[in-house]
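Descriptive analysis of the structure
Chain residues, written in single-letter form:
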Amino acid sequence: MAASSSTAFPCTKWNTRVHTHRQILSSNSPSTSKAPNFTSSPTNLKPNKKLKPKAINLALQTIPLPATQPITPPKPRTKTPQDWNFLQRIAAKVLDAVDSALLSAELHRPLPTITDPTVQLSGNYAPVPEHPVTHNLPISGSIPDCISGVYIRNGANPFFKPSGNHHLFDGDGMLHAVKFHNGSASYACRFTRTNKLDQEIKLNRPVFPKAIGELHGHLGICRLLLFLTRGLFQLVDPSKGTGVANAGLIYFNRKLLAMSEDDLPYEVEITRTGDLRTVGRFNFENQLNQSMIAHPKLDPVTNELFALSYDVVNRPYLKYFKFSPAGVKSPDVDIELPCPTMIHDFAITENYVIIPDHQLVFKLQEMATGGSPVVYDERKRSRFGVLRKDARSGDEVMWVESADTFCFHLWNAWEEEESGEVVVIGSCMTPPDSVFNGSGHGVKSVLSEIRLNLKTGESRKAEIVEGLNLNLEAGMVNRSFLGRKTRYAYLAIAEPWPRVSGFAKVDLGSGEVRKYLYGEKRFGGEPFFVAGGGAGEEDDGYVVVMVHDEGTGRSEMRVVSAVEMETVATVELPARVPYGFHGTFVKSEDLDGESRLN
């Protein structure tokens, strides 16, 4: 999504069209030597136009986007540059020169808005360095007693300065944490130290291809082959993971997991002081050997975790699996799809998982003709798959078509026994490929109710909020009711797109909307609902959200009564918090018995 603000990045000045990779140093990052300077002049790069799609597919099998990866590599293959042998040093110099030539060719023409870092990372989308724990933050109002725990929000925050194409979704994962305890608050932010990031820090430069911003057309093929050649000379190790862990978060079986579609989850420890520490890539005790989408679902009644994994190269393109409350994984259920589909989210009901198979698909062969591998396929029919949670075979999926439907996110779903329908609540986005291939202009995200009739195999779709023309994206329902019928949803008001000017409490039955606006020049992100301490009504609780003032450059955490829709407390944060993606709240009692919050 493109950013429209132009506030300067406070940590370092970024010049446009530069050819150096400048590192954004963090407060606890290891010291590194000066980044190399790539200043070669533009070249007339002529990729092999006869490159076959099959060759692209074979190459992509080595770098999962996402794809199956080994669970535990037998031995680390990468070394620091100081440990390279003579052949590796020569190979590194040659490959660096090729990389510089590719960058020059890329910058020979203006970058598209959707991948221009001067646009994508302007204003409060600009990255920030890590921030150590700061305690006893200034608070206006009073923190409710039930708000006791840690709110953590994920986001894309590139460690190194992008010099060529960069999509907002390509940034390294950074977590921002606000700890609430006995009416006080603290703040910290840390990078999720993925294997990709660790390897790039050792090399003091970015070398992993950016899955969305760079892997387009002929230059994308060249970058992919360049990366694979680095792996051949053991300058990098793709087998350890290529993901950025910048999207989803979930707390399951006493573990906080940071996720993105391109890798396994990463376990992050919440320390006693409220700080964050990356434990490492998490494979559920050697049970998971494939990527997992960024939005697994935790059933609030059974405490089971449900997930999907999709592959853009190998069949079956989609797999479903679940974990018991103790973290024991079920066998994979292979689901046959005619082509690999981009699936960012799905839904659960009491008895089913609801799988969107929409019109945004991966066509890797498009790269050979100069295009994007993520395309909107108008000839494909959008549909939802309804599969029992305890299914053992993908043949048990019931597919129900839903014309012209693309839901980037699904907020909830439930079963209605009398009508034989499954009700799905999601935000339908048009154009479907806008966040990948568009400029962000003219995007619509309409909160919709989709009814899937399991008796007739037909569907109905209707707008929930009529007449207000609201873009509603990023949000949630009370997760204590996930998979069951809910009355309310709390959703970001994405206006002016893609910035968020407030959030809406939507009555899903009547369509009534109550708005909470952040104020002039103030924008925020995903609202997160935290249930109150008692067994009250569904909306008995509070919405927590991070808000940034573009006038003053300051950020804050707000606690809003979900019933009254009024601010009860504001926490002044000691550092700027960029606009990000998804978050979660870990209650004090859900942390381990060591009482880390004390």
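Not measured: the values here are computed from a predicted model.

A word on the environment of Asn351. Within the secondary structure, Asn351 sits in the loop between β14 (347-348) and β15 (352-357). Relative accessible area serves as the criterion here: at 29%, Asn351 is assigned to the partly exposed category. Taking the C-alpha atoms as reference, Asn351 lies 8.5 Å from Gly483; in sequence the two are 132 residues apart. Beyond its immediate stretch of four places on either side in the chain, Asn351 contacts Leu387, Arg388, Lys389 and Glu415.

This part takes up unusual backbone geometry. A cis amide bond, omega -5°, links Arg315 with the succeeding residue Pro316. Note that Pro316 resides in the loop between β11 (305-310) and β12 (318-323). Omega for the bond connecting Glu495 with Pro496 falls within 30 degrees of zero, at -5°, which places this linkage in the cis form. In this structure, Pro496 sits in the loop between β25 (488-493) and β26 (502-507). Positive phi is not limited to glycine here, since Ala245 has a value of about 50°. Among the secondary structure elements, Ala245 is positioned in the loop between α5 (217-232) and β6 (248-252).

Another aspect to go through is the UniProt feature "binding site: Fe cation" (unreviewed entry) in the protein chain. Residues given the UniProt feature "binding site: Fe cation" (unreviewed entry) here are His295, His344, His409 and His582. Their sequence span is 288 residues, while the largest C-alpha to C-alpha distance among them is just 12.5 Å; these annotated residues converge on one region. Its place among the elements puts His409 in strand β20 (residues 407-416). His409 gets classed as buried once you look at its relative accessible area, which sits at 5%. In this structure the side chain of His409 is engaged in a polar contact, spanning 3.3 Å, whose partner is the side chain of His344. Here His582 is to be found in the loop between β32 (567-572) and β33 (583-587). Among all residues touching His582, those that are not within four sequence positions of it are Ile152, Arg153, Asn154, Ala247, Gly248, Leu249, His295, His344, His409 and Glu526. A distance of 3.2 Å separates the side chain of His582 from the side chain of His409, its partner in a polar contact.

Below, the discussion takes up the pairing of β20. Most of β20 is tucked away, with eight of its ten residues classed as buried. Between β20 and the antiparallel strand that follows it, strand β21 (residues 421-430), lie four residues; Gly420 among them carries a positive phi value of about 70°.

Now for the sheet that holds strand β8 (residues 266-270). Ordered in space as β6-β7-β8-β9, the four strands form an open sheet in which the pairing is antiparallel. A strand with exactly one partner marks an edge of an open sheet, and here the two such strands are β6 and β9 (276-281). Here the strands of the sheet are splayed against their neighbours by 30° on average, with no regard to which way each runs. One ladder, built from three bridges, connects strand β7 (residues 255-259) with β8; its direction is antiparallel. When the sheet's bridge partners are listed, Leu257 is paired in β8 with Glu267.

The antiparallel open sheet is built from four strands, whose spatial order is β20-β21-β22-β23. Single-partner strands in this sheet number two, and they are β20 and β23 (459-463). Strand-to-strand twist of the sheet, defined as the mean angle between neighbouring strand axes without regard to direction, takes the value 25°. Pairing geometry for β21 and strand β22 (residues 444-453), over ten bridges, is antiparallel. The residue of β22 that forms the bridge with Thr430 is Lys444.

About the cut-offs
Residues numbered from 1 in each chain as written. Predicted model: local features only at pLDDT ≥ 70, side-chain atom pairs only at ≥ 80, totals over all residues. Heavy atoms only, no water. Helix = DSSP H or I, 4+ residues; strand = E, 2+ residues; numbered from the N terminus. Buried < 20%, exposed > 50% of the residue type's maximum accessible area, 1.4 Å probe, protein only. Contact = heavy atoms within 4.5 Å. UniProt positions renumbered as here; feature names shortened; annotations may be inferred. Polar contact = N/O pair within 3.5 Å; in protein donor to acceptor, adjacent residues only side chain to side chain. Pairing = 2+ DSSP bridges. Axes fitted to C-alpha atoms, helices over the stretch in contact; angles between N-to-C directions.

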